[in-house]
Structure formats: structure tokens, C-alpha cells
Amino acid sequence: HAGTLDPLATGVVVICTGKKTKTINDFLIQDKSYVGKFQIGATTPSFDLETEIDSNYPIPNINKSILRKLEQQFTGELYQVPPIFSAKRINGKRAYDFARANEKIELPPVKINIKDLKLELIAKNLIEFKCMCSKGTYIRSLARDIGKSLKSGAFLTELRRNKSGNFTVEQSKSVEEWVDIIKSS
């Protein structure tokens, strides 16, 4: 596959078979596009709903001006620290294995590129977003970083990859459809 999805995420995963597996890197490096929501005023260790809320913060008054500033602040080339609950390898072991064992480790920042970011406040503590970004971008980390920038906390509540390279959700098939296709072959 050309890019995993977080456990609670939905959407496009490009899968290569046969001779196409030789070109998988061509798909891995392509930009991804996401939509979703994140909640302001709290944090979780995984930066999403996979773990329980561990801290609560005051919810700032957010307006369109603040959202436009955040869009500018988080667009372009940035350095991002991946979540400890991730598939990143550290000494041959997945970071999430350390996290689930309550072992403290630090992941180094990674250079990413957020090409487009749109934020919309849909409730006092809920922001809906659209994001186009480079490979290696963690949207959960983006939520965390936006929460910090607001002097609050934030975590992802919903995530859908609607595009990976040139492949869209509308072109995709469900797992069940692929099972039927394979069985009928």
C-alpha cells in the first residue's frame, strides 16, 4: 500500500499488486488531501479519539480572523513532530509499541509541506478542516499544533483521506467490493 491510514480514519488507500508494486514509491510521494474535524479545549495522548482525554483547557474565542491567521501559520514548509502513537520506527520498533507500553521516547521533527489549509468553526469548540499536504504529514499532529497555537488543546475527532495523488474517494472501492472482485476472479 502507498500510505497507511490512522485506525479511526476512512478514505483512500492506494494498493499496488503485481508489476505495479515496483512503482509503489511513485504513489507514496504524492500529495494527500484530507477533510475532518478537531475539537478545541482538550488533548488526548494519541491526538485523536483512540485514547481518552487526558487534559482540558479553556476554550478560546475563535473568529474568522483567527482562523485565517492559523491557515497562514500552518501553510507551507514546516517541521512537525509525529505523534508517539504512530507507525514510525525507532530502533526497529514501532513508536506506538513504546506508547502503549508507557515508555517515554521523543520523535525528531520531520519536514512537511502543507499546501492548502482551510479552517471553519462549526461550533464553539469544533473546527472543520480541509488540508492538502505532502507525504509524511500527520493530521493528528496538525490538530495538536493548532491547539497549542491557540494556547489551548486540540485533538482529531474525524478524518477522511479524500484524495491520494490522482486517486479520489469517488474512484475507490470498499474492502467488501474488493473481496467480491477477488472471489469472482
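Everything that follows concerns the structure shown earlier in this document.
Note that the coordinates shown come from a computational prediction; the quantities given were computed from them, not determined experimentally.

A. Broad picture of the pairing of strand β8 (residues 110-123). Sheet topology places strand β5 (residues 76-80) next to β8; five bridges connect them, and they run antiparallel. When the sheet's bridge partners are listed, Y79 is paired in β8 with K111. Hairpin connection from β8 to strand β9 (residues 126-133): two residues lie between these consecutive antiparallel strands.

B. Broad picture of the nonpolar core. Within the largest apolar cluster, 24 residues are counted, with the highest numbers of intra-cluster contacts made by F38, L117, L119, F129, C131, I139 and I146. Put simply, the parts of the chain that give this core at least two residues each are β2 (32-40), α2 (64-73), β8, β9, α4 (139-149) and β10 (154-164). L117 has contacts with L70, E71, F74, T75, K130, C131, L142 and I146, leaving out every residue within four places of it along the chain.

C. Quick peek at the pairing of β10. Strand direction decides the pairing type here: strand β1 (residues 10-11) and β10, joined by two bridges, are parallel. Bridging across to β10, T10 finds its partner in R160. Across nine bridges, β2 lies against β10 in antiparallel orientation. Bridging across to β10, V35 finds its partner in R160. Linking β10 back to strand β11 (residues 167-168) in an antiparallel pair, the connection comprises two residues, with G165 at a positive phi of about 60°.

D. Geometry of the pattern of salt bridges. Under the definition given, this model contains six salt bridges. Between K37 and E158 there is a salt bridge; the shortest N-O distance is 3.7 Å. In this pair, K37 is assigned in strand β2 and E158 in strand β10, connecting sequence segments 121 residues apart. Linking K118 and D116 is a salt bridge whose minimum nitrogen-to-oxygen distance equals 3.3 Å. Accessibility expressed as a relative area gives 44% for K118, which makes it partly exposed.

E. Representation of the state of the cysteines within the structure. The tally for this structure, following the rule as stated, stands at zero disulfides. Here C131 is not cross-linked by a disulfide; its sulfur's nearest cysteine counterpart is in C133, at 4.3 Å. For C133, a relative accessible area of 0% corresponds to the buried category.

Thresholds applied
Residues numbered from 1 in each chain as written. Predicted model: local features only at pLDDT ≥ 70, side-chain atom pairs only at ≥ 80, totals over all residues. Heavy atoms only, no water. Pairing = 2+ DSSP bridges. Helix = DSSP H or I, 4+ residues; strand = E, 2+ residues; numbered from the N terminus. Core = buried A, V, L, I, M, F, W, Y, C linked by side-chain atoms within 4.5 Å. Buried < 20%, exposed > 50% of the residue type's maximum accessible area, 1.4 Å probe, protein only. Contact = heavy atoms within 4.5 Å. Salt bridge = Lys/Arg side-chain N within 4 Å of Asp/Glu carboxyl O. Disulfide = S-S within 2.5 Å.

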